[in-house]
Amino acid sequence: MRNPLADEVVKIKPSGIRKFFDIVSEMKDAISLGVGEPDFDTPWHIRDEGIYSLEKGKTFYTSNAGLKELREEICRYLNRRVHVDYHPLKEVLITVGGSEAIDMGLRAMLNPGEEVLIPQPSYVSYEPCTILAGGKPVIINLKAENEFRLTAQELRDAITDKTKVLILPFPNNPTGAIMEKKDLEEIAKVCIEKDIFVMSDEIYSELTYKEDHVSIASLPGMKERTILINGFSKAYAMTGWRLGYACGPQEIIAQMTKIHQFAIMCAPTTSQYAAVEALRNGDDDVKMMRDAYNQRRRFLMHAFKEMGLECFEPYGAFYVFPCIKEFGMTSDEFATRFLQEEKVAVVPGTAFGDSGEGYLRISYAYSLEQLKVAMEKLEHFITKLREEK
Amino acid sequence: MNAREQILAIIERNSRIEIKELAVILGMEEIDVANELKAMEEEGVICGYHTLIDWEKTSIEKVSALIEVRVTPQRGMGFDNIAERIYKYPEVNSVYLISGGFDLLVTLEGKSLKEISQFVSLKLSALDSVLSTATHFILKKYKDHGTVLGKKNEDERELITP
């Protein structure tokens, strides 16, 4: 029989998270700090609206780009929260999670060999999606000394005449880093000068703890070269509903919608009705969850300080990214031993790119009680490691 | 939200939280939190630190009831006097003046149906200003003080996700 597989697909490395998950799932009584999704249930009024739409028999496809009502709400929301104006019928595509928007966007924009700049550590799918779209991923290794922000210099150094798209994953998974307005202005200047498009993955935009999130699309000259990606998973605790969106220039959104139409048809209808309710009446829920995450974030930063573990203060998402270089182990070794000896699962920073070496991703999408137990175990573990040395 | 409101939002859910921890998660100084708590106790903003108990899970028998009470208000005193006469009974849990078809809502806890009926017939109804009462026994508590009773939520998320 012939080889049934595509070489390009086989060559793609499986996600580092997956690999570690297999080890964790063997361990029955492990405490996990490895989850990248909210611990809250979707607020009841949002679920209720989903149920209600089913009762009314709203079980058909929506238009390919998504419910008009939802696209209008998204435009109102973006205007209100990040001060960017989009045309609901021409510049918005509702997708199956932010992930689909990343995939569709790269497929719509890339010609073979064109380069995509991917700052790392970052979410695991930018690199494979670039490859599958025929592009060439070019990694920018972010530095702890810059609090894992992307600097204009790093961006300049990575640009070649083949560079087409910059992925901007902030607030960042796994580091919790954010880009403030002044940081974004520097980046925008380079993008305009070098004629580069930006794919801004703002899925954690509602979870910032210093100041409100700023979208690069809101800066002068940037809306026309930015695909803004967001969704409902993190802000409204709606991961399982699989709903996100992309907003951007009409010509790009039209091509994305074409691929989306052939590959997906439309995003889940029930989820779209629920999402309308989320945008209309969900502000208080978002605030409640943001406050809770912020309390846990402060708790973890305090715990690290007490145990003398180095960690820059992250102001976004729900992750902290402590440094474990002092123990002379790789992230993988540390995470594996921590799991075996203390039965706590954290994700090695390397799962998010080589520049995550020496760091761990710790999620605080857990209750304070759970975090407390886990921090006691972490302290016990690192005390042991320090004595070993 | 100011510091006071933030503290209240947390201790309303968890009154056992230590001052040190409260300070850490709110990003405040321990001494400021302690002072604020003390001030609120003195001002009567914080009236007590109670425990939410699901008595169904214990061997202690308890019966609770809601009683609607219609009363005649008194000149110069309104409902305050009669409310006081009712809330002084130790078996009375709460007394609210409410709008609608009756005046006072009284909640009550007793050891048995009999004990509660005796209270209503012998004490409550016997009060001069009380015109009528309607007693509703509570059959099951699903949710109390914002907490769903009886159910423990399991974490159904995968152990590691991107």
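## Some points on the interface of chain B and chain A
Listed as interface residues are ten residues of chain B and, on the opposing side, 20 residues of chain A. The residue inventory of the side of chain B that touches chain A, partitioned by class, reads six nonpolar, two polar and two charged.

## What to know about the domain arrangement of chain A
For an interface, size is often stated in terms of accessible area lost upon the parts coming together. Residue and element names in this part refer to chain A. Once the domains are mapped, chain A shows domain 1 (7–41 + 284–381) and domain 2 (46–281). Here the C-alpha centroids of domain 1 and domain 2 sit 24 Å apart. Elements represented by at least two residues in the side of domain 1 that touches domain 2 include exactly α11 (283–307) and β9 (319–320). Here the side of domain 1 that touches domain 2 gets seven residues from one element, more than from any other, and that element is α11. For the side of domain 1 that touches domain 2, the residue count by class is 19 nonpolar, eight polar and eight charged.

## Some points on the environment of Q272 of chain A
Residue and element names in this part refer to chain A. Mapped onto the secondary structure, Q272 falls in helix α10 (residues 269–281). Residue class for Q272 comes out buried when judged on the 23 C-beta atoms lying within 10 Å of it. For Q272, the contacting residues outside a window of four places in its chain are T62, G66, L67, L70, I94, L243 and A267.

## Quick notes on helix α13 (residues 368–388) of chain A
Given 3.6 residues per turn, any residue in an α-helix points the same way as the ones three and four places further on. Residues and elements named next belong to chain A. Between the first and last C-alpha of α13 there are 30 Å, a value that for 21 residues agrees with the 30 Å anticipated at 1.5 Å per step. Within α13, the full set of buried residues consists of L371, A374, M375, L378 and I382. The arc enclosing the buried residues of α13, seen along the axis, measures out at 105°, which places them on a common side. Seen from the buried face of α13, the exposed residues on the opposite side, beyond 90 degrees, are E369, T383, K384 and E387. Where α13 is buried, its residues meet β1 (31–32), α11 and β10 (344–345).

Quick notes on the rules
- Residues numbered from 1 in each chain as written.
- Chains lettered and ligands numbered in written order.
- Predicted model: local features only at pLDDT ≥ 70, side-chain atom pairs only at ≥ 80, totals over all residues.
- Contact = placed C-beta atoms within 7 Å.
- Nonpolar A, V, L, I, M, F, W, Y, C, P; charged D, E, K, R; others polar.
- Domains from an automatic or database assignment.
- Helix = DSSP H or I, 4+ residues; strand = E, 2+ residues; numbered from the N terminus.
- Buried ≥ 20, exposed ≤ 12 C-beta atoms within 10 Å, placed from the backbone.
- Expected span 1.5 Å × (residues − 1).
- Arc of directions from axis to C-beta.

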